[in-house]
Amino acid sequence: QVQLVETGGGFVQPGGSLRLSCAASGSIFSIYNMGWYRQAPGKQRELVAVITSGGSTNYADSVKGRFTISRDNAKNTVHLQMNSLKPDDTAVYYCDARIATPAQLGGMDYWGKGTLVTVSS
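Scoring rules and cut-offs
- Residues numbered from 1 in each chain as written.
- Predicted model: local features only at pLDDT ≥ 70, side-chain atom pairs only at ≥ 80, totals over all residues.
- Heavy atoms only, no water.
- Helix = DSSP H or I, 4+ residues; strand = E, 2+ residues; numbered from the N terminus.
- Rg over C-alpha atoms; globule rule 2.2 N^0.38 Å.
- Buried < 20%, exposed > 50% of the residue type's maximum accessible area, 1.4 Å probe, protein only.
- Contact = heavy atoms within 4.5 Å.
- Areas by Shrake-Rupley, 256 points an atom, 1.4 Å probe, with all protein chains shown as cover.
- Disulfide = S-S within 2.5 Å.
- Salt bridge = Lys/Arg side-chain N within 4 Å of Asp/Glu carboxyl O.
- Pairing = 2+ DSSP bridges.

A. Region of the structure containing the overall build of the chain. A tally of helices and strands in the chain yields zero helices and 11 strands. Listing the helices and strands of the chain from first to last along the sequence gives β-β-β-β-β-β-β-β-β-β-β. Taking 2.2 N^0.38 as the reference for a compact globule, 121 residues should give roughly 14 Å; the C-alpha atoms of the chain span a radius of gyration of 14 Å, in line with that estimate. Along the longest, intermediate and shortest principal axes, the C-alpha atoms of the chain span 45 × 25 × 25 Å. Taken over 121 residues, the chain has a buried fraction of 40%. Look at the contacts in the chain between residues 6 or more apart in sequence, and 57% of them connect residues 24 or more apart. Per element, the accessible surface of the chain, about 6400 Å² overall, is 48% carbon and sulfur.

B. Representation of unusual backbone geometry in the model. Even without a glycine there, the phi angle at Asn76 is positive, about 55°. Note on placement: Asn76 falls in the loop between strand S7 (67-72) and strand S8 (77-82). With a phi angle near 50°, Ser84 is a residue other than glycine that sits in the positive phi range. Checked against the element boundaries, Ser84 lands in the loop between S8 and strand S9 (91-101). Taking the relative accessible area as the measure of exposure, Ser84 reaches 42% and is therefore partly exposed.

C. Region of the structure containing the state of the cysteines. Within this structure, the stated rule accounts for one disulfide. Disulfide pairing places Cys22 opposite Cys95 at an S-S distance of 2.1 Å. As the torsion about the S-S bond is roughly -80°, the Cys22-Cys95 disulfide counts as left-handed. Of this pair, Cys22 sits in strand S3 (residues 18-26) while Cys95 is found in strand S9, placing the two residues 73 residues apart along the sequence. The pair formed by Cys22 and Cys95 is uniform in burial state, with each residue classed as buried.

D. Quick peek at the pattern of salt bridges. Following the criterion strictly, the structure yields five salt bridges and no others. For the salt bridge of Arg38 with Glu46, the shortest nitrogen-to-oxygen distance reads 2.7 Å. By relative accessible area, Arg38 is classed as buried at 5%. Residue class for Glu46 comes out partly exposed when judged on its relative accessible area of 36%. The salt bridge partner of Arg38 is Asp89, with a shortest N-O separation of 2.9 Å. Linking Arg38 in strand S4 (residues 30-39) with Asp89 in the loop between S8 and S9, this pair joins segments that are 51 residues apart in sequence.

E. Up close: the pairing of strand S11 (residues 115-119). Of the two faces of S11, only the one carrying Thr115, Val117 and Val119 is buried; Leu116 and Thr118 on the other face are not. Pairing geometry for strand S2 (residues 10-12) and S11, over three bridges, is parallel. What sits directly across from Gly10, in S11, is Val117. The sheet contact formed by S9 and S11 spans three bridges and is antiparallel. Looking across to S11, one finds that Ala91 is bridged to Val117.

F. Just the environment of Cys95, in detail. Exposure remark for Cys95: the relative accessible area of 0% places this residue in the buried category. Sequence separation between Cys95 and Ser121 is 26 residues; the distance between their C-alpha atoms is 26 Å. Apart from the residues lying within four places of it in its own chain, the contact partners of Cys95 are Leu4, Glu6, Cys22, Gly35, Trp36, Val78, Tyr110, Trp111 and Gly112.

Spelled out as structure tokens, the structure:
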């Protein structure tokens, strides 16, 4: 079994910062892409940022220059540093990772349960 657990959500005022972390655990053979998605109330889930196993990154236009995704391959973790937060960033943030296990070497997508980020004055 593989689990992804997110931490670091909370309440912050506009212009503030938060750092989200996601740790993968279980029978992990290898981790390919890792990413963050978010879902605001009444909206569809959207990609925020993704990072490959080699460290290449991609961001949604709405967060470029404000958010930074990083990963620690030795610890099977991915982080999202969020700066200059805006009320529009309010959402539940989900961690996603494509993980290969001994039983499924081709990998499959796993999701965390999400962590709430609220940006408000």
